[in-house]
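Chain by chain, the residues:
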Amino acid sequence: PFAIPEYLQGQLEEFEALYDISNSNSYQRLLDNNPDQTCESLYGYFSQILEEHGPMEINNKLLVGEYEDFPEETQKIVEDEGGLKSFLLKSPNFIMVDNLIALRK
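Within every chain, residues take consecutive numbers counted from 1 along the sequence as written. In keeping with the model being predicted, local features are shown solely for residues with a pLDDT of at least 70 and side-chain atom pairs are shown and tallied solely at 80 or more, while totals for entire chains, interfaces and linings include all residues. Only heavy atoms go into the side-chain values, all of them from the structure, while hydrogens and water stay out.

Time to look at the sheet that holds strand β3 (residues 100-103). When DSSP locates at least two bridges between a pair of strands, those strands are taken to pair. Helix and strand definitions here come from DSSP, where helices need a minimum of 4 consecutive H or I residues and strands a minimum of 2 consecutive E residues; each element is numbered from the N-terminal end. Spatially, β1-β3-β2 is the arrangement adopted by the three strands of the open sheet, whose pairing is antiparallel. Of all the strands in the sheet, the pair left with one neighbour each is β1 (56-57) and β2 (94-97). One ladder, built from four bridges, connects β2 with β3; its direction is antiparallel. In the strand pairing of β3, M96 is matched with I101.

Right, here's the structure in full:
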């Protein structure tokens, strides 16, 4: 029979613990405990999009399409913050001008 070598047992235990976290409700608790970190990551993500493509309407297919591809847990954080527009405008990095969301310079 196959056996994991003893020198790899510690790494295996770490992997199994992380795997269990990501495949259980405790993953949601991990997100809930770090909403600021998640929000900052999302701000950075949308900043990159706007840097590459310039100002966009908040309902632009690129922005909305990217948002719809987020994991359900992340979408819930955004919705709890008031939605994509409200979520982005809570960051000092974004500004709304003439129905366009843009990076603040």
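Right, picking up where we left off after that structure.
The residue S47 is located in helix α3 (residues 35-53) in this model. Apart from residues no more than four positions distant in its own chain, S47 is found in contact with F94 and L103. For this analysis, residues touch if any pair of their heavy atoms sits within 4.5 Å.

Our focus in this paragraph is the confidence of the model for the chain. Per-residue confidence for the chain gives a mean pLDDT of 79; residues scoring 70 or more make up 80%. Mean pLDDT across the elements of the chain ranges from a minimum in helix α2 (residues 26-33), with 48, to a maximum in β1, with 94. Taken together, the stretch residues 24-28 has pLDDT below 50 and engages in six contacts with residues farther than four places along the chain or on a different chain. The score called pLDDT rates the predictor's confidence residue by residue, from a low of 0 to a high of 100.

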